[in-house]
Amino acid sequence: MAAPKVAVVGAGVIGLSTALCISETCPSCSVTVLSDQFSPNTTSDVAAGMLIPHTYPGTPIHVQKQWFKETFTYLFAISHSAEASEAGIHLVSGWQVFKNTPKEELPFWSDVVLGFRTMSKAELQKFPQHQFGQAFMTLKCDCPPYLLWLEKRLKATGVQMYTRRVADLWELHSEYNVVVNCAGIGAHQLVGDKELFPVRGQVLKVHAPWVKNFIRDGDGLTYIYPGIHRVTLGGTREVESWSLSPDPGTTKDIFDRCCSLEPSLRRAQDIKVKVGLRPSRWCVRLQRDVLSQGGVKLPVVHNYGHGAGGFSVHRGTAKEAARLVGECIAALQVSSSRAKL
Ligand code: FAD
């Protein structure tokens, strides 16, 4: 069999990292990324990019933990390399604070992030409305720089990237041996997945260089995440809302909520508003599939539905998708050598 041709549909953090893992694990493959949008116009560009996992109810916790650990280890290595500033990866310390003590005082990811501990009474004085807190250090991706860094790595390994809207995965069957679906919320239409729904998120990106620590309210709705150049203030979670237009009332509400956690933000400048649709699902769809028409088959690997936590697990899910692509290629090689006998 000639060099297997693999198409990855989607150029958000999931598509780009999956294409990179495939080119690393299968150097003989010819990998192409096809996407109707690239950075800076994807949901992944809007994200805060903090490595704090979101829980997928339909995925076993040990699997989620493995994905998070692989992602953390990968980005931690970048954070202490010469690539760190170009890739937009940095370590950040801070606090997750709760108005009431949570049932689960030790989240499943507490031994993956660095230095996880319960906050002292003295530290909690900074948050008079909260009575419990956790302090830890984690990683943050500044999203557009990280996506551009991934694109640069892909080009360096010979991966082709084309702007193309795919209406139906089957349209790729005559050009590619394996197709990988990383279309994010686009998979709702692309493969008609009714289990996939948008959770709209609005955030503010502000200039406030004196804010050095992250602060996250335990309910996950209000957060302050400092990046290399700007601080992300969040947020909202609007289930089944497809609107990409910023709402001025929501902007004021987010700003007020964040200022009540960190009053110095009242002096923040250059407020930019962004909206993204989290591709949400009961569980990430990470599995092999086969399309067939008239006896012709097209192996497909799905990798979408990362909801509110795509950055936190992207490298782990990309590695698993690349392993599944390897299985598809091995099966194709077996059937091609049988056909020659
Ligand atoms: P996308 O980035 O949407 O990429 C999908 C790609 O597929 C795009 O390039 C699109 O153009 C392409 N595509 C779609 N349909 C087609 C088609 N038919 N043909 C061709 N191309 C197609 N996660 C974290 O871990 N930490 C955070 O701090 C965090 N903060 C967030 C804050 C907000 C406000 C939002 C909205 C999300 C946040 N997330 C966070 C979640 C994270 O952004 C997502 O999980 C992640 O971006 C999903 O990546 P993706 O590549 O699947 O989707």
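This text follows the structure it describes.
On a predicted model such as this, the values are computed, not experimentally measured, just so you know.

> So what's going on with the packing of aromatic side chains? Which residues, and what values?
According to the stated counting rule, one finds eleven aromatic pairs in the structure shown. Consider the rings of Trp109 and Phe116, whose centres lie 5.9 Å apart with planes at 85°: the pair is edge-to-face. Accessibility assignment for this pair places Trp109 and Phe116 in one class, buried. Relative to Phe136, the ring of Trp109 lies with its centre 5.2 Å away and its plane at 65°, an arrangement referred to as edge-to-face. Placement of the pair is Trp109 in the loop between β3 (89–98) and β4 (114–118) and Phe136 in strand β5 (residues 132–141), with a sequence separation of 27 residues. Judged by relative accessible area, which is 6%, Trp109 ranks as buried. Overall, Phe136 belongs to the buried group, its relative accessible area being 4%. An aromatic cluster of three or more residues is present, and its members are Trp109, Phe116, Phe136, Phe214, Tyr223 and Tyr225. The lysine or arginine in question, Arg315, covers the ring of Tyr74, its NZ or CZ lying 4.0 Å from the ring centre.

> Tell me about the environment of Thr118, residues and numbers included.
Within the fold, Thr118 resides in strand β4. When the C-alpha atoms of Thr118 and His207 are compared, they prove to be 30 Å apart, with 89 residues separating the residues in sequence. Among all residues touching Thr118, those that are not within four sequence positions of it are Phe132 and Gly133.

> Requested: an account of the side chain of Ser280, with residues and values cited.
Inspection of the secondary structure puts Ser280 in strand β13 (residues 269–280). The contact partners of Ser280, leaving out residues within four places of it in the chain, are Glu195, Leu196, Phe197, Val199 and Gly307.

> Talk me through helix α6 (residues 143–156); I want residue IDs and the actual numbers.
Because each turn of an α-helix spans 3.6 residues, side chains separated by three or four positions end up pointing in the same direction. With 14 residues, α6 ought to run about 20 Å at 1.5 Å a step, and its terminal C-alpha atoms sit 20 Å apart, in line with that. Along α6, the positions that sit buried rather than exposed are Cys143, Tyr146, Leu147, Trp149, Leu150, Glu151 and Leu154. Downstream of α6 by a residue or two, Gly158 has a phi angle that is positive, lying close to 85°.

> Which residues make up the nonpolar core, and what values go with them?
Of all hydrophobic cores here, the largest spans 65 residues; its most connected members are Val33, Leu75 and Tyr146. Counting residues per element, this core draws most heavily on helix α9 (residues 310–340), which supplies nine residues. Trp95, Val97, Met119 and Ala268 belong to the second largest nonpolar core, which has 21 residues in total.

> Any details on the site of the ligand? Residues and values, ideally.
Taken together, 36 residues form the shell around the ligand, and within it Ser35, Asp36, Ser44, Val166 and Gly307 come nearest. Thr43 places a side-chain nitrogen or oxygen 3.0 Å from an oxygen atom of the ligand. Contacts to the ligand include Val166, whose backbone N or O atom sits 2.8 Å from a nitrogen atom. Isolated, the ligand exposes 1000 Å² of accessible area, and the fraction of that covered by the protein chains is 95%. Among the residues making up the shell around the ligand, the classes are represented as 15 nonpolar, 17 polar and four charged.

> Which residues make up unusual backbone geometry, and what are the values?
With omega at 15°, the peptide bond leading from Ser39 into Pro40 counts as cis. Relative to the helices and strands, Pro40 is located in the loop between β2 (30–35) and α2 (43–46). Cis peptide bonds are those with omega within 30 degrees of zero, and the linkage from Gly234 to Gly235 qualifies with -5°. Here Gly235 shows up in the loop between β11 (231–234) and β12 (238–239). Of note in this structure, Asp270 is not a glycine but carries a positive phi near 55°. When you line up the elements, Asp270 lands in strand β13.

> Before we move on, can you summarise the packing of helix α3 (residues 61–79) against α9 with the specific residues and values?
Where α3 contacts α9, the axes come no closer than 7 Å and their chain directions differ by 100°. The angle between α3 and α9 places the two elements in the roughly perpendicular class. Contact residues: Gln64, Trp67, Phe68, Glu70, Thr71, Tyr74 and Leu75 in α3; Phe311, Ser312, Val313, His314, Arg315, Gly316, Thr317 and Lys319 in α9. Of the residues contributing to the contact of α3 with α9, the split by class is six nonpolar, six polar and three charged.

Definitions and limits used
- Residues numbered from 1 in each chain as written.
- Predicted model: local features only at pLDDT ≥ 70, side-chain atom pairs only at ≥ 80, totals over all residues.
- Heavy atoms only, no water.
- Phe/Tyr/Trp six-rings, centres within 6.5 Å; stacked < 30°, edge-to-face > 60°.
- Buried < 20%, exposed > 50% of the residue type's maximum accessible area, 1.4 Å probe, protein only.
- Helix = DSSP H or I, 4+ residues; strand = E, 2+ residues; numbered from the N terminus.
- Lys NZ or Arg CZ within 6 Å of the ring centre and 35° of its normal.
- Contact = heavy atoms within 4.5 Å.
- Expected span 1.5 Å × (residues − 1).
- Core = buried A, V, L, I, M, F, W, Y, C linked by side-chain atoms within 4.5 Å.
- Near = heavy atom within 4 Å.
- Polar contact = N/O pair within 3.5 Å; in protein donor to acceptor, adjacent residues only side chain to side chain.
- Areas by Shrake-Rupley, 256 points an atom, 1.4 Å probe, with all protein chains shown as cover.
- Nonpolar A, V, L, I, M, F, W, Y, C, P; charged D, E, K, R; others polar.
- Axes fitted to C-alpha atoms, helices over the stretch in contact; angles between N-to-C directions.
- Parallel < 35°, antiparallel > 145°, perpendicular 65-115°, else oblique.

Such coordinate-based values are descriptive only and should not be taken to indicate function.
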